[in-house]
Amino acid sequence: MRIYEDLRGLQGRLAIIQWVMVGLMGLLVVNFWQLQVLRGKYYRNLAENNRIRPVPIPAPRGLLFDRNGRVLVDNRPSFNVVLTTEQTDDLDWSVKRLSGLLQIAPAAIRDKLSQKKGPQFRAVVVKPDASEQDVATIEARRLEQPEASVDPVPLRSYPLGQGAAHVLGRVGEITERQLESEAYAGIEAGVTVGHAGVEAEHNRLLMGKDGLRRVVVNSRGVEVAEAERQPPVEGPSVSLTLDTKLQQALEEAMAGRPGSAVAIDPRNGEILAMLSLPSYDPNEFAKGIEPAAWTELSKDPLTPLMNRVIQGQYSPGSSFKILMSLAALQEGVITPQTTFNCPGYLNIYNTTFRCHKVEGHGTLDLRHAIALSCNVYFYNVGVRLGIERIARYARLLGFSRPSGVDLPSETSGLMPDPDWKRKVYKDKWYPSETVSISIGQGGVLATPLQMARVAAAVANGGRLVKPHLIKAVAGVPVPEPPAVDLGFHSSVIEGVKAGMIAVVAEGTGRRAQLNGITVAGKTGSAQVVTHARLEQDRKAHALQPHGWFICFAPAEKPTIAMAVLVEHGTAGGQSAAPVAGQVLSRYFGVPLAIPPAPAPEQDTPLPSPLSPRAAH
Amino acid sequence: MPVDRRLLINIDWVLVGACLVLSAIGVATIISATHAGRGLGLEVKQIYWTLIGIVALLVSVTLDYRRLTDRALVLYVFIVAALIYVLVLGPRIQGTRRWILLGPVQFQPSEFAKLVAALLLAKVFAESKRETLGVRDILGPGTTVAVLVLLIAAEPDLGTAFCMLPPFLAVAFLAGLRPKAIAIIAGALIFFGGLGWQFALKDYQKNRIYTFLDPALDPRGAGYQKIQSQIAVGSGGLSGKGYKNGSQSQLGYLPARHTDFIFSVLAEEMGFLGVTAVLGLYMLVLWRSLETARVARDRVGAFLAAAITAGLAFQVVYNVAMVAGLVPVKGLPLPFMSYGGSSVIYSFLAVGLILNVRMRRFAN
């Protein structure tokens, strides 16, 4: 006989436990229904995002050629050593090891990692443009150090180096400021864009369209397969108006002196050459410039990053007399035959204004006044014209506003007039200031490109051209921007041209003379300090005036117009004219008439010892 | 010990069959979860573990469960000693002391502590013959279980420590715990839970709970497992991505995918249909186990079956809820399916004890 315990009391409670369990299981099933069936699509998307990662394929930037098909900017294959921090469990170890393999300080690597931008799994460039040996070293350790890899990238290369840095520009990672600007809208952080010159101005055109790879990655971010590939579209090749040979001739002629020079075709405004010194090597920027080198460049008092041709504002000095002559003849206040007597000074408005030739030029007409750069002649012209008309003609000829050249950050220069003075200084205009303005002093400021435009206007019979750099895109010619006819009588142009020819033939610009080609020009000296200050220290380089020379040739049928500025070069006839002469000699293939002899003429202006503002 | 032939007739073959099917599904899922990665050959090891588990099951049915419950105190002393040994002298593996190494074999005494606790609880509560129980009546068994909980929690292995509570509550409830006492116990658990949160939980444990509440806090850190598991489960949809075809599992986004998160792999590749089928199998196992408690010959047997079932049920429900992102991530394996010797052997021993109770429902 079996004795059973009475377990009837247990049954109820067991049933409760049993149904609690069924209830819990039921809740789980309901939850899985929600998770898998109702929200399945949402999670499938998340899983796809996990699995598929878009990897941009950078499009090679468009190549740049000169007007004759010579390569100005190229893309050369290069390799970056990159580190993907998410793929290592021990970042310290990875950094230490890479530092040993690549011979870079660990701190430098960490520095680069700390600047990382962009989404997860974006690799950080540890060593740009790595050597073949580095590439081999990293590739050989692919298995033990998968987080370090070699990334092939097209690297921008500039065969002309420093010689055309400012006009061509440079490339680099997009800056914070560019990211916020309209012109770069839609470009992501970390992308390479143009930073100056043509590279920046025509960045959109040159960039092309990046391709995209959609790759399957595992949880370590390691690619296991490629799901899709859209190939990149390379930026179009762009032909520029530049002439490599002329550019190189300009570089040689300037011989490294700070200053700038620009050559344009007076018939259509094509920029043939453009040089600004001191310069920098854009190749350094292409592979990511070292912070120290960047600091040095940006803090250099000689501002090597500035394009002096469009950003340097100088007082035009005597080269302004061309503009004065055009205005006076067109307004009829003088004729080419009008004479003035120069005793070496002019007493007017209770002030003595001096000529640079102390004993005076005697009586001379316009041609001689231009050729010898007589100040007294132009003081008289200025008095007859008055400031309003001078300013009007200056603006007509492109002063006080950017030329509209297709380069970024062009400045406008300055043409003072009574309105301007009232606004800025809350003071009235004094007639004596007009006298200073007449010889290009007294606050007038112009860029070398603006002065080259003035020379071109005389050369082409009175049309103001728009300087530009693009000749053709992908083989298709770009229409030339139209030039503006300024309405000068042909006699006016001929009168001024005769004076400019005389400058080179027999005047202050003789060192630009060529055998067989007639050059027309005008020298100028832009004072940096007052005459009195210069007297105290005749030899101080930084106090010497800037030397100007503007010109065009051949005078009869001009094909090139130039402006040359040598900073602290003293008289333009001594410093700038020889540069122009040397360049034109190379350009036309004819020898210089006066090889390397120092010119005796001085045209350093000796204006009023008082500044225009203080004059009474 | 010879087994009475009549006893074999009373073996619950449905229960055994369900367990074996679950084990087979586990092995298949382990193959899928590891075939692309480093853990090659784990499925073979798992099969060995399963065979050992079946042997353990056979051994455990030969001993009358009453002989085991009678010696529960001795077993308890042994297991406490083993747990102390692990804490003091055990090897440190990934920051925890959970293992005893015996030559090439390593096992976790905490897995067996769950069974010992069930035996002890069954015996102690069965001996109390009162109709209803108050708080005072459960202080004794409560303390003995609490010792195990604390020793295991100190390893640290909170998941396994928590597994001690459901059997305790289930048996206490069956033994006639009054509603008032249930309320007091709940209050005490909350109070001590709060104290434990303040003083006993390690930072990584707290972080796990924080990120459970808001996984976006640290998507690649502690919240990573929960997020990735939810993505795996959810993206499986109704019918799954196909065997060996789950991107979350195959590309390594799922952590611990052959151990604690194996159900996540199943859910991704087999979808809601697979999930429902496997949960159905678990329901079958648990239901049959509780049926055993209902038909048991005596209170000890009923309590033992109920305690073991409660432990198994807790592990299944918690693990599956964890995979679905409903509860914080704890290192709790899924019985029968998760890879791991201790877990597999525990699962089979547990079922063995239940079979033991059922087989002897008529015997004297």
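Remember, predicted model here, so these are calculated numbers, not experimental data.

**Points about the overall build of chain B**
If you tally the helices and strands in chain B, you get 16 helices and two strands. Going through the 364 residues of chain B one by one, you find that 53% of them count as buried. Taking the contacts inside chain B whose residues are at least 6 apart along the sequence as the reference set, 73% of them involve residues at least 24 apart.

**With respect to helix α1 (residues 8-38) of chain A**
Here α1 of chain A spans 44 Å end to end across 31 residues, near enough to the 45 Å set by a 1.5 Å rise per residue. Along α1 of chain A, the residues classified as buried are Leu10, Leu14, Ile17, Met21, Met25, Leu28, Phe32, Leu35 and Gln36 of chain A.

**Remarks on the interface of chain A and chain B**
Often, the extent of an interface is quoted as the loss of accessible area on bringing the components together. Counting from both sides, the interface comprises 34 residues of chain A and, opposite them, 41 residues of chain B. Contributions of two or more residues to the side of chain A that touches chain B are made by α1 and α2 (40-51) of chain A. Classifying every residue of the side of chain A that touches chain B gives 19 nonpolar, eight polar and seven charged.

**Quick word on the sheet that holds strand β9 (residues 223-230) of chain A**
Each strand in a sheet pairs with another by means of backbone hydrogen bonds, the pair being arranged parallel or else antiparallel. Residue and element names in this part refer to chain A. Spatially, β1-β8-β9 is the arrangement adopted by the three strands of the open sheet, whose pairing is antiparallel. Both outer strands of the open sheet, β1 (52-57) and β9, are each paired with one neighbouring strand and no more. Recorded for the sheet is a direction-independent mean angle of 30° between the axes of neighbouring strands. Sheet topology places β1 next to strand β8 (residues 211-217); six bridges connect them, and they run antiparallel. Paired with Ile57 across the strands is Gly211, a residue of β8.

**Considerations on helix α5 (residues 72-89) of chain B**
Residues and elements named next belong to chain B. Here α5 is 18 residues long and its end C-alpha atoms lie 25 Å apart, about the 26 Å a rise of 1.5 Å per residue gives. What α5 keeps buried is the set Ala72, Tyr76, Ile79, Ala82, Leu83 and Val86. Buried residues of α5, seen end-on, are gathered within an arc of 125° and therefore sit on one face of the element. Relative to its buried face, α5 has exposed residues pointing more than 90 degrees away, namely Val74, Val77, Ala81, Val88 and Leu89. As for α5, its buried residues are in contact with α4 (65-70), β1 (100-102), α6 (109-127) and α7 (139-153).

**Remarks on the nonpolar core**
All names here are of chain A. Residues Val262, Ala452, Ala455, Cys551, Met562 and Ala580 are the most contacted members of the largest nonpolar core, which totals 123 residues. The biggest single contributor to this core is helix α20 (residues 448-459), with nine residues. Domain assignment of the residues forming this core places at least three in each of domain 1 (54-92 + 114-240) and domain 2 (244-293 + 307-588). Those residues within four positions of Cys551 in sequence are excluded, and the remaining contacts are Ala455, Ala512, Val519, Ala520, Gly521, Met562 and Ala580.

**Details of unusual backbone geometry**
Residue and element names in this part refer to chain A. Cis peptide bonds are those with omega within 30 degrees of zero, and the linkage from Leu277 to Pro278 qualifies with 0°. Structurally, Pro278 is set in the loop between β12 (271-277) and α11 (282-286). In this structure, Pro554 follows Ala553 across a cis peptide bond, with omega equal to -15°. Structurally, Pro554 can be placed in the loop between β22 (546-553) and β23 (560-566). Although it is not a glycine, Thr303 adopts a positive phi angle of roughly 45°.

**Here we look at the pairing of strand β14 (residues 345-348) of chain A**
All names here are of chain A. Of the strand pairs in this sheet, β14 and strand β15 (residues 351-354) are connected by four bridges, and their pairing is antiparallel. Each residue of the ladder has a partner; that of Asn347, found in β15, is Thr352. Two successive antiparallel strands, β14 and β15, enclose a turn made up of two residues, where Tyr349 displays a positive phi of approximately 50°.

**Focus on the sheet that holds strand β21 (residues 520-526) of chain A**
Residue and element names in this part refer to chain A. Taken together, five strands build an open sheet; the order of strands is β12-β11-β23-β22-β21 and the sheet is antiparallel. Both edges of this open sheet fall to β12 and β21, since each of them pairs with a single strand only. Across the sheet, the mean angle separating the axes of adjacent strands is 5° when strand polarity is ignored. Bridging between strand β11 (residues 259-264) and β12 involves six bridges; their strand directions are antiparallel. When the sheet's bridge partners are listed, Ser260 is paired in β12 with Ser276.

**A look at the pairing of β21 of chain A**
All names here are of chain A. Most of β21 is tucked away: seven of the seven residues are buried. Residues Ala520, Lys522, Gly524 and Ala526 line one face of β21 and the alternating positions Gly521, Thr523 and Ser525 line the opposite face, and both faces are buried. Relative to β22, β21 runs antiparallel, the two sharing seven bridges. Along β22, the bridge assignment pairs Gly521 with Cys551.

**Let's talk about the confidence of the model for chain B**
Summarising the model, chain B shows a mean pLDDT of 86, and 92% of its residues fall at 70 or more. Interface predicted TM-score (ipTM) for the complex: 0.91; the corresponding pTM is 0.68.

**Comments concerning the confidence of the model for chain A**
Confidence along chain A averages 88 in pLDDT terms, with 93% of residues attaining 70 or more. This model gives residues 604-616 of chain A a pLDDT under 50, and the stretch forms 42 contacts once residues within four places in sequence are excluded.

**As for the packing of α5 of chain B against α6 of chain B**
Residue and element names in this part refer to chain B. Between α5 and α6, whose axes approach to 9 Å, the crossing angle comes to 150°. Taken together, the axes of α5 and α6 lie roughly antiparallel to each other. Here α5 runs over α6; the crossing is left-handed. Judged by residue contacts, Ala72, Leu73, Leu75, Tyr76, Ile79, Ala82, Leu83 and Val86 of α5 engage Pro109, Ser110, Phe112, Ala113, Val116, Leu119, Leu120 and Lys123 from α6. The residue makeup of the contact of α5 with α6, split by class, is 14 nonpolar, one polar and one charged.

**Observations concerning the environment of Val454 of chain A**
Residues and elements named next belong to chain A. Topologically, Val454 is positioned in helix α20. Sequence separation of Val454 and Met562 is 108 residues, and the distance between their C-alpha atoms is 9.6 Å. Each residue touching Val454, except ones within four places of it in the same chain, is listed here: Ile322, Leu323, Leu397 and Ile550.

The rules behind each value
Residues numbered from 1 in each chain as written. Chains lettered and ligands numbered in written order. Predicted model: local features only at pLDDT ≥ 70, side-chain atom pairs only at ≥ 80, totals over all residues. Helix = DSSP H or I, 4+ residues; strand = E, 2+ residues; numbered from the N terminus. Buried ≥ 20, exposed ≤ 12 C-beta atoms within 10 Å, placed from the backbone. Contact = placed C-beta atoms within 7 Å. Expected span 1.5 Å × (residues − 1). Nonpolar A, V, L, I, M, F, W, Y, C, P; charged D, E, K, R; others polar. Pairing = 2+ DSSP bridges. Axes fitted to C-alpha atoms, helices over the stretch in contact; angles between N-to-C directions. Arc of directions from axis to C-beta. Core = buried A, V, L, I, M, F, W, Y, C linked by C-beta atoms within 7 Å. Domains from an automatic or database assignment. pLDDT = per-residue confidence, 0-100. Parallel < 35°, antiparallel > 145°, perpendicular 65-115°, else oblique. Left-handed = near helix turned anticlockwise from the far one by under 90°.

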